[in-house]
Amino acid sequence: MEFPKFGFAKRLLVLYSITFILVLLVTDWTLSHFLQKRDLQELQRSLTRQSVLIRELAIPLLGDHKRLQKEIKTIAAGTDVRVTIVDPEGAVLADSSENLEQLSKMENHALRPEVAAALKKEAGMSIRYSMTLETRMLYIAVPILERVKVLGVVRTAMPITRVDEILASVRRPIMFTALLGILIVLMAGMFFSNHLTKRIRRITSVAERYAREDWSEKILMDGRDELKMLADTMNQMAATLRSRIKDLESEKGKISVILNHMNEGVIAVDRHKQIVIMNPMAEKIFGYLASDIHGKSLIEVTRHPQIERIVDHAFKEQKTTSEEIQISGEIRKTLRLSVVILKEHARDIQGILVFHDMTELRRLENVRKEFVTHVSHELRTPLTAIKGFVETLLGGAFKDPPAGERFLKIIAEETDRLGRLVEDILTIGEIEQKIDFMKKDRIDLASELSFVLEQFKGRVEKNKLIVENRIPGKPLLVPGDKDKVHQVFVNLFDNAIKFNKPEGKIVLSADQKPEGITITVEDTGIGIPEGTQGRIFERFFRVDKARSKELGGTGLGLAIVKHIMEAHDGHASCQSTPGQGSRFSVFFPA
Ligand SMILES: Nc1ncnc2c1ncn2[C@@H]1O[C@H](COP(=O)(O)OP(=O)(O)OP(=O)(O)O)[C@@H](O)[C@H]1O
Ligand SMILES: [Mg+2]
């Protein structure tokens, strides 16, 4: 900041000087007025006294003009007093500043104010400019009385320049003292104003730093005056402000940490539906950067008229509203939008929009619904068959033993199927619940596989299959659930036998890497058509339903494999060439 050249201290100085000069002038005027008045009074008194004396002297000479003129001239000689004697009509009888011959030419004096007053037996006094003497004069007139009769007037006059002279001589030292005073005042004022300005600038420059939120400096001020008090108060204020700002910032920091890490999208809008705040999740949902939202309206950012309608409704009703909406983008999303209306406390924010992603929940709900439909359908088929054959038997078929035995066999098979189905469903349910406890033991995949091979030995021989075991003889250790891993291998092996060709081959191999172990079960079976390879891990999915059923399958085997592998943080995959064979791999992380 630039400081003004003509600061307040200098202004004060000028003001003081002007006041000082004014006071001086007034004092000078008052003093001269007073002196003039006093001097005039003095003069007046003295002239009056002289007039009275002259009157006494003039009375006996009134009849003798010549002597009177001579006497008057003698009295006034050597003084600057002019004496004039006037008769009752105003004609001049004698005058100390005129000659006898001139007297008759002189003007009548009856109208001169002092003479006029004296003729009325009053004391006459007048100050005026005398043309004759070319100076300001004081005139005093006293009447010459004989009892009550006015015989004439004695008038004395004196120039009053003397008063002015006295005044001039008094004024000189006064002026000198005044000038000296002004000089001292100016110098002292200059020193004081510099000192004051310096201190004020110190306060201002620190205050300026405070305005820029730079709290590094304190105002250091000496003295014990108001400026020191101001500096102390400002230091105190800065300390309070600093801690208040710190608190606010940490509060703001906490809020932004919460907003940034929320799983929900949050948008705050003002009463004109202009966006005030938007968190990173909301940025992701609407593909808009929070840094670009300044001055943007809700519709501009969301481009979703339904959101706008919900917000309008909430604003109108002044109550929290919640509704499910669909967002179409790269991935279609289902969101639950809750609009919270703020009634008080928030000046800029009128409503908070919270977007909760329901996509996964809805998808799971659908999966579950489909699963239930599937399960009921799968359960109904064997049940219908059992019910049908039981009714046939009750209808009299049991009387025909060969047929009855056949029917009972079918019933037994269907009951087995039902049992397997229920078991598989239970297994899936169990995996879903145990998902966090899968990696509890250290298991050896190599010995697990040889155990499964041992189990299937009978079926392998029956189908005349050749099993090639390329698993190395050393242990393959991974964390996992022994029973569940066993089930994975059983299911894969079961498929490799079931969908193999007669006299086909099954190859078992392992690939050990630092990140984990991959076990592969390869067969030379019927393979899986390309279009359905992606779906075989789905629940109840079978390429050839009739054939699989015939082989006693439920279509849950691979779904169980996939579930178990995911619960181990691993995965299952499949490659297949229709007509040539399939290759199933499962990966166990180390
Ligand atoms: N090795 C394989 N060769 C060819 N097709 C296979 C193979 N493994 C699985 N499939 C196909 O994938 C489908 C799903 O297999 P999955 O193991 O889930 O069910 P399933 O074997 O029919 O019944 P379950 O395993 O319950 O007895 C099978 O019906 C079959 O069509
Ligand atoms: Mg199977």
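Since this is a predicted model, take the numbers as computed values, not measurements.

Trainee: I tried to follow the overall build of the chain on my own but got confused; where do I start?
Mentor: Counting its regular elements, the chain contains 16 helices and 17 strands. Relative to the globule expectation of 25 Å for 590 residues, the C-alpha radius of gyration of the chain, 65 Å, shows a markedly less compact shape. Taken over the C-alpha atoms alone, the chain extends approximately 200 × 60 × 35 Å along its principal axes. Looking at the chain residue by residue over its 590 residues, the buried ones come to 39%. Expressed as a percentage of contacts within the chain between residues at least 6 apart in sequence, the contacts between residues at least 24 apart total 58%. For the chain, the exposed surface amounts to about 36100 Å²; the carbon and sulfur share of it is 58%. Between the centroid of the 87 positive side chains of the chain and the centroid of its 80 negative side chains there is a distance of 5 Å.

Trainee: Honestly, helix 16 (residues 557–567) in this entry has me stumped. Any pointers?
Mentor: An α-helical turn contains 3.6 residues, so any two residues separated by three or four positions project in the same direction. Burial runs high along helix 16: eight of the eleven residues are buried. Taken together, the buried positions of helix 16 are L558, A559, I560, V561, H563, I564, M565 and A567. On the buried face of helix 16, the contacting elements are helix 11 (401–434), helix 14 (482–498), strand 16 (571–577) and strand 17 (581–589). D569 sits one or two residues past helix 16 and shows a positive phi near 65°.

Trainee: In this structure, what is going on with the site of ligand 1? I would like to understand it.
Mentor: Around ligand 1 sit 21 residues, and of these N495, D523, S548, T554 and L558 come closest. D523 places a polar side-chain atom, nitrogen or oxygen, 2.9 Å from a nitrogen atom of ligand 1. Within the backbone of L556, a nitrogen or oxygen atom sits 3.4 Å from an oxygen atom of ligand 1. A total of 590 Å² of accessible area belongs to ligand 1 in isolation, and the protein chains cover 95% of it. Of all the elements in the fold, those that place two or more residues in the shell around ligand 1 are helix 14, helix 16 and strand 17.

Trainee: How should I be thinking about the sheet that holds strand 6 (residues 265–269) in this particular structure?
Mentor: Two modes of strand pairing occur in sheets, parallel and antiparallel, and in both the strands are linked by backbone hydrogen bonds. Strand order in the open sheet formed by five strands is 7-6-10-9-8, with antiparallel pairing between adjacent strands. What marks the edges here is a single partner per strand, and that holds for strand 7 (275–278) and strand 8 (321–327). Neighbour-to-neighbour, the strand axes of this sheet turn through a mean angle of 25°, independent of strand direction. Where strand 6 lies against strand 10 (residues 351–357), five bridges are found, and the strand directions are antiparallel. Residue pairing across strands places I267 opposite L353, the latter belonging to strand 10.

Trainee: For this particular structure, what's the right way to read the domain arrangement of the chain?
Mentor: Interface extent is often summarised as the accessible area lost during association of the parts. Per the domain assignment, the segments of the chain are domain 1 (1–211), domain 2 (213–254), domain 3 (262–357), domain 4 (363–434) and domain 5 (435–589). For domain 2 versus domain 4, the separation of C-alpha centres amounts to 83 Å.

Trainee: What should I look at first to understand unusual backbone geometry in this one?
Mentor: A negative phi holds for most residues other than glycine; trans holds for most peptide bonds. One non-glycine residue, Q318, lies in positive phi territory at about 55°. Structurally, Q318 can be placed in the loop between helix 9 (305–317) and strand 8. At F540, a residue that is not glycine, the phi angle is positive and equals roughly 65°. Its place among the elements puts F540 in the loop between strand 15 (516–523) and helix 15 (545–550).

Trainee: Before we go on, may I ask you to explain the pattern of salt bridges in this structure?
Mentor: Scanning all chains against the criterion turns up 30 salt bridges. Salt-bridge contacts for E251 lead to K254; the nearest nitrogen and oxygen are separated by 3.6 Å. In this pair, E251 and K254 both sit in helix 6 (residues 226–260), three residues apart, roughly one turn of the helix. A salt bridge links K273 to E308, with the nearest nitrogen and oxygen atoms 2.9 Å apart. Within this pair, whereas K273 is found in the loop between strand 6 and strand 7, its partner E308 is found in helix 9, the two being separated by 35 residues in sequence. Judged by relative accessible area, E308 falls into the buried class, the value being 17%. Overlapping salt bridges, with partners in common, bring together E324, R336, R362 and E365 in one network.

Trainee: Where do I start with the environment of P514 in this structure?
Mentor: Following the sequence through the fold, P514 ends up in the loop between strand 14 (505–513) and strand 15. Residue classification places P514 among the exposed positions, given a relative accessible area of 76%. Taking the C-alpha atoms as reference points, P514 and I443, separated by 71 residues in sequence, lie 16 Å from one another.

Trainee: Whenever I open this one, the environment of Q318 confuses me. Can you help?
Mentor: Accessibility expressed as a relative area gives 30% for Q318, which makes it partly exposed. As a C-alpha pair, Q318 and N463 span 145 residues in sequence and 75 Å in three-dimensional space. Excluding residues that lie within four positions of it along the chain, Q318 makes contacts with I341, K343 and Q350. In terms of polar contacts, Q318 uses its side chain to reach the backbone carbonyl oxygen of F315, at 3.0 Å.

Trainee: Can you walk me through helix 9 in this structure?
Mentor: An ideal rise of 1.5 Å per residue puts 18 Å on 13 residues; helix 9 measures up with 18 Å between its terminal C-alpha atoms. Of the positions making up helix 9, those classed as buried are I307, E308, I310, V311, A314 and F315. For helix 9, the angular spread of the buried residues around the axis is 165°, confining them to a single face. Structural note: helix 9 exposes R309 and K316 on the side pointing more than 90 degrees away from its buried face. Against strand 6, helix 7 (280–286), helix 8 (298–302), strand 8, strand 9 (333–341) and strand 10 lie the buried residues of helix 9. Phi for Q318, located one or two positions after helix 9, is positive at around 55°.

Trainee: I tried to follow the nonpolar core on my own but got confused; where do I start?
Mentor: Note that soluble globular proteins tend to have their nonpolar side chains buried in a common cluster. In terms of nonpolar packing, the biggest core is built from 49 residues, with L445, F489, F493, I519, V586 and F588 touching the most fellow members. Mapped onto the domain boundaries, this core takes at least three residues apiece from domain 4 (363–434) and domain 5 (435–589). Leaving out residues up to four positions away in the same chain, V586 has contacts with V488, F489, L492, I517, T518, I519, V561, M565, H571 and A572. Core analysis: the next-biggest nonpolar cluster, separate from the first, contains 24 residues, I267, A314, I325 and L353 among them.

Conventions we followed
- Residues numbered from 1 in each chain as written.
- Chains lettered and ligands numbered in written order.
- Predicted model: local features only at pLDDT ≥ 70, side-chain atom pairs only at ≥ 80, totals over all residues.
- Heavy atoms only, no water.
- Helix = DSSP H or I, 4+ residues; strand = E, 2+ residues; numbered from the N terminus.
- Rg over C-alpha atoms; globule rule 2.2 N^0.38 Å.
- Buried < 20%, exposed > 50% of the residue type's maximum accessible area, 1.4 Å probe, protein only.
- Contact = heavy atoms within 4.5 Å.
- Areas by Shrake-Rupley, 256 points an atom, 1.4 Å probe, with all protein chains shown as cover.
- Lys, Arg positive; Asp, Glu negative; His and termini not counted.
- Charge placed at Lys NZ, Arg CZ, Asp CG, Glu CD.
- Near = heavy atom within 4 Å.
- Polar contact = N/O pair within 3.5 Å; in protein donor to acceptor, adjacent residues only side chain to side chain.
- Pairing = 2+ DSSP bridges.
- Axes fitted to C-alpha atoms, helices over the stretch in contact; angles between N-to-C directions.
- Domains from an automatic or database assignment.
- Salt bridge = Lys/Arg side-chain N within 4 Å of Asp/Glu carboxyl O.
- Expected span 1.5 Å × (residues − 1).
- Arc of directions from axis to C-beta.
- Core = buried A, V, L, I, M, F, W, Y, C linked by side-chain atoms within 4.5 Å.

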